[in-house]
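Residue-level listing of the chains:
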Amino acid sequence: MKHMKTPRRNSGVLSAAALCLLLAAAYGAKPYLVKLLSPGKNAGVSVRVESGDNPAANRAPAARYNAVRVPVNLWPENRSFRFMDRNLKESFRGMMAIVSITPLGGDNYLAANYSMIMLLNIRNESLRIMSVDSSFSRVFDTVKETADSIVGAKGVKPVRRRAYAPTGLFYEKNNNLLYVANYKGNNVLVFSVDLPGRKLSFVREIKTANTLGPENLYVTPDSRYMGVANYDGSSITLIDISGKKAVELWNAGNIYQAHGVCIVGDKVYGTGLNAGVLVELDMLTGRVLRKLGAKGWDPAEHKFLWPVWVYPFAKNELVLSDSQSGHISVIDIEKFEVSRYFGGNGPTYKMLNMPYCVLVDGDRILISSTYQNRIIVGDKNSLKMQKS
């Protein structure tokens, strides 16, 4: 998981509240951790939309818009349940930080956290580890890591570990296949799913020269194409997965620290963390059509800090999650602008803490508040919480 290092605490210099205010001022942001915007507050600002192969060229006239902050009625007043499987050992509890979720059907979902893949059932409020067929170990490249990068201890000899870090997940129900973005392996692993047995069986590896540090992926409804966001490669890749051998169709570069990806119609959408942008790509050629966003805290000004996730929300709409601000924005595809937003990072369960995943499944919405070890299940249309 990519995030900034936490500075050491010095209680004799600044209080936590003062530090939040100073950080907000440094980023030119409103101090959301101190005071929330009032529900329904509008902001009219300008945004520059870019198109063409050269991001600095073909700039369209500035557009006007009004992004509405949705009243925060999704969060509970007093609810502490955090989807911890009672069968898991206590030592695993610090590892439950979910970064992606994909629907299996009904109340069952699969979730990943860079370490393992788990079966989530929201009716039973359970989270159970899926066993993984060991035959896929032959596709791993072993990586050399120093001990201090793993446990913080210095002076210990480097160790070798298998390159396995499951991040983005996508379940393709037509063929009962789970596609897994394997960040450390620079590949996508494909498994068949045995739901009753809670087992994943290795089917094949998909890897190209451009699948470098894949974070998220998305498969089209016809099961033919897969989009991959490559964090280390700073690119979005489109791959034809319909044949026995996967074929890369194009690779769109200069999307620095690419993280989120989805496909709607004949367009591919991806996010870049470095610039805080959402890009729209032509599915046929990979050409950049439009860009939205800049570095900042306020989605009402089309600013994002760490836009880690993008996913279809409703007809002609996308949902984008900014983990570092905690804001979840709904994007109007036609206008290519933020139409409304909600959430925000902050203390207590009324707020979020690093939402890495916002999955839309029919009328249901699932939000992974990653640093709270918490999954929120709500109604997509009313944004009223059903479970947390």
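Structure's up top.
Structure report, in brief. What you see is a predicted model; the values in this text were computed from it and never measured.

## Remarks on the sheet that holds strand E16 (residues 225–230)
- Taken in spatial order, the 4 strands make up an open sheet running E15-E16-E17-E18, and their pairing is antiparallel. Of all the strands in the sheet, just strand E15 (214–219) and strand E18 (247–252) have a single pairing partner and so form its edges. Here the average twist between neighbouring strands, direction ignored, is 20°.
- Here 6 bridges tie E16 to strand E17 (residues 235–240), and the two strands are oriented antiparallel to one another. Note that in E17 the partner of Gly-227 across the bridge is Leu-238.

## What about the sheet that holds strand E20 (residues 267–272)?
- Across the sheet, 4 strands lie side by side as E19-E20-E21-E22; this open sheet has antiparallel pairing. In the strand order of this sheet, the two ends are held by strand E19 (258–264) and strand E22 (288–292), each with one partner. On average, each strand axis in the sheet is tilted by 20° relative to the strand beside it, whichever way the strands run.
- In this sheet, E20 lies alongside E19 in antiparallel orientation, the contact comprising 5 bridges. Each bridged residue has a counterpart across the sheet, and for Val-264 the counterpart in E20 is Lys-267.

## Focus on the nonpolar core
- By size, the foremost hydrophobic cluster in this structure holds 83 residues, and its most contacted members are Ile-101, Tyr-179, Met-226, Ile-236, Leu-278, Leu-281 and Leu-366.
- The residues touching Met-226, leaving out its near neighbours within four places in the chain, are Tyr-179, Val-188, Ile-206, Leu-217, Tyr-218, Val-219, Thr-237, Leu-238, Ile-239 and Ile-241.

## Description of the environment of Asn-254
- As for its position among the elements, Asn-254 is in the loop between E18 and E19.
- For Asn-254, a relative accessible area of 56% puts it in the exposed group.
- For Asn-254 and Gly-233, which are 21 residues apart along the polypeptide, the C-alpha to C-alpha distance reads 8.7 Å.

## Focus on the pairing of E16
- The buried count for E16 comes to 6 of 6 residues, which makes it a mostly enclosed element.
- In E16, alternate side chains face the same way, and those of Tyr-225, Gly-227 and Ala-229 on one face and Met-226, Val-228 and Asn-230 on the other are all buried.
- Pairing analysis gives 5 bridges linking E15 to E16, with the strands arranged antiparallel. Bridged to Tyr-218 within E16 is Gly-227.

## Overview of the pattern of salt bridges
- The full count for this structure, using the stated rule, is 7 salt bridges.
- Glu-280 is the partner of Arg-290 in a salt bridge, and the nearest nitrogen-oxygen pair spans 2.9 Å. With Arg-290 in strand E22 and Glu-280 in strand E21 (residues 277–282), this residue pair connects regions lying 10 residues apart in the sequence.
- Residue class for Arg-290 comes out buried when judged on its relative accessible area of 18%.
- Taking the shortest distance from any N to any O, the salt bridge between Glu-301 and Lys-303 comes out at 3.5 Å.
- Sharing partners across several salt bridges, the network here consists of Asp-107, Arg-123 and Arg-364.

Criteria and cut-off values
- Residues numbered from 1 in each chain as written.
- Predicted model: local features only at pLDDT ≥ 70, side-chain atom pairs only at ≥ 80, totals over all residues.
- Heavy atoms only, no water.
- Pairing = 2+ DSSP bridges.
- Helix = DSSP H or I, 4+ residues; strand = E, 2+ residues; numbered from the N terminus.
- Axes fitted to C-alpha atoms, helices over the stretch in contact; angles between N-to-C directions.
- Core = buried A, V, L, I, M, F, W, Y, C linked by side-chain atoms within 4.5 Å.
- Buried < 20%, exposed > 50% of the residue type's maximum accessible area, 1.4 Å probe, protein only.
- Contact = heavy atoms within 4.5 Å.
- Salt bridge = Lys/Arg side-chain N within 4 Å of Asp/Glu carboxyl O.

Distances and angles like these do not, on their own, reveal function.
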